[in-house]
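# Survey of secondary and tertiary structure
The residues making up each chain are set out below.
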Amino acid sequence: LVGVLDSCAGTLRCHSVILFHDLLVSTTLSPDDTVDLFTFSVMRLTSNALSSGTSSWSYLRKGTSLSQTSSKSTSPQLLVSSDSLPSGNGHDAGRVIRPLQHNKWIKKGKMFLVTDIWGKDATPTIWLHQRQERVHLLAYQQKCLTLVLLVPTEAIVNGELDISFVKHQVIENATAKILKVEEKLSKGWGGENAYHVSGYRYLLVDNDMEVSRASPSGKVATLAKETLLAVNKLRETVDTEKSRTKEEKDMEICIRAKNNAWAIARVTRGKELYMALEKASDTLLDATDSVQSFSNRYCNGTFSMD
């Protein structure tokens, strides 16, 4: 699918970002440009964002304005507003563009998303910082699969093709593959509660594989404020200890919160486990036994202290 999308502009390579729900599936962009496009897409282009009119990204800080949350995505350098482009893509240089407004993207026609943020019938044009390249942004959605296709403006300016031709290429050559990818991802999708383990609130980090999993945000929200503060303090302590020693070593740190909850961290061989246990009657032995049980059952004994 990525290969087909790359070739939709003929001789000039397109770039793409593919999301499923609010998860990144694939990207051909550099890390910084991917972060910009991922953040914007999750807040405004995914099916959840379109249906709810709000961000579907559970990791965005609550109470933070959208322009502050993704300053790069709203900066003048990223969004082209002064260049004259053909086919209704011209913009006024003094116009203030607010691409993160609610309810501005809708699905129209052959599954493509459209917006009037940049003017009626205008195709959004953005600037990729790391690639130093200006591209047109096309968004295509199939159920919970969202494709962000980035077409070099050079192709349009030189008259080699137009946006309608690129859309036709996507529909003609990529539709079958899009359906197949969406079907496969849907079958393997465990939902928002995929990593929920009853009775536990945890964060598991594998630094070697650069992956993590955790209790879903809805479950984490059930923790008391005092517990969350203790977990934050715990992670800060682990980071401080790691930077102080400058080498990997096994460690276990336990913090008793003001509400008598336990926050426990275990670090071993590039992996980190953080856990919050709010049963006030638990002793330290009870809490460490719970961590041991979790490690044995869900982590192949990685964090066992035996």
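Here, every reference points to the structure presented above.
All values derive from a computational prediction rather than experimental measurement. (Residues numbered from 1 in each chain as written. Predicted model: local features only at pLDDT ≥ 70, side-chain atom pairs only at ≥ 80, totals over all residues. Heavy atoms only, no water.)

## Here's the deal with the sheet that holds strand β10 (residues 251–256)
The 5 strands are arranged β9-β8-β12-β11-β10 in an open sheet whose pairing can be described as antiparallel. Each end of this open sheet is capped by a strand with a single partner; those strands are β9 (211–214) and β10. Taking the axes of each pair of neighbouring strands and ignoring which way they run, one obtains an average angle of 10° across the sheet. As defined by bridge partners, strand β11 (residues 262–268) adjoins strand β12 (residues 271–277) across 7 bridges and the pair is classed as antiparallel. Note that in β12 the partner of T268 across the bridge is K271. In this fold helix α8 (residues 225–245) packs onto β8 (201–206), β10, β11 and β12, with an angle of close to 150° to the strand it touches most, β10. Strands β8, β9, β10, β11 and β12 of the sheet are contacted by helix α9 (residues 284–298), whose axis makes an angle of about 45° with β11. (Pairing = 2+ DSSP bridges. Helix = DSSP H or I, 4+ residues; strand = E, 2+ residues; numbered from the N terminus. Axes fitted to C-alpha atoms, helices over the stretch in contact; angles between N-to-C directions. Contact = heavy atoms within 4.5 Å.)

## Observations regarding the environment of T34
Assignment of secondary structure puts T34 in helix α2 (residues 31–44). With residues near it in sequence (within four places) discarded, T34 still touches L24, T27 and L29. Here the side chain of T34 touches L29 through a polar contact of 3.4 Å, landing on its backbone oxygen. (Polar contact = N/O pair within 3.5 Å; in protein donor to acceptor, adjacent residues only side chain to side chain.)

## Digging into empty space enclosed by the protein
Over the atoms, a rolling probe the size of a water molecule traces out where space has been left empty. According to the stated counting rule, one finds 2 cavities of 30 Å³ or more in the structure shown. Roughly 50 Å³ of internal volume is contained in the second largest cavity. Where the lining of the second largest cavity is concerned, the elements lending two or more residues are β6 (133–142) and β7 (145–152). (1 Å grid on protein atoms, 1.4 Å probe; cavity = no way out; pocket = protein on both sides within 12 Å on 5 of 7 lines; lining within 4 Å. Points joined across faces, edges and corners; volume = space filled by probe spheres on them.)

## A closer look at the side chain of H15
With respect to the helices and strands, the residue H15 is situated in strand β1 (residues 15–20). Using a relative accessible area of 2% as the deciding quantity, one classes H15 as buried. Of note is the side chain of H15, whose polar atom sits 3.2 Å from the backbone oxygen of T28. In contact with H15, other than residues within four places in its own chain, are D6, T28, L29, R131, E133, V148, L149 and L150. (Buried < 20%, exposed > 50% of the residue type's maximum accessible area, 1.4 Å probe, protein only.)

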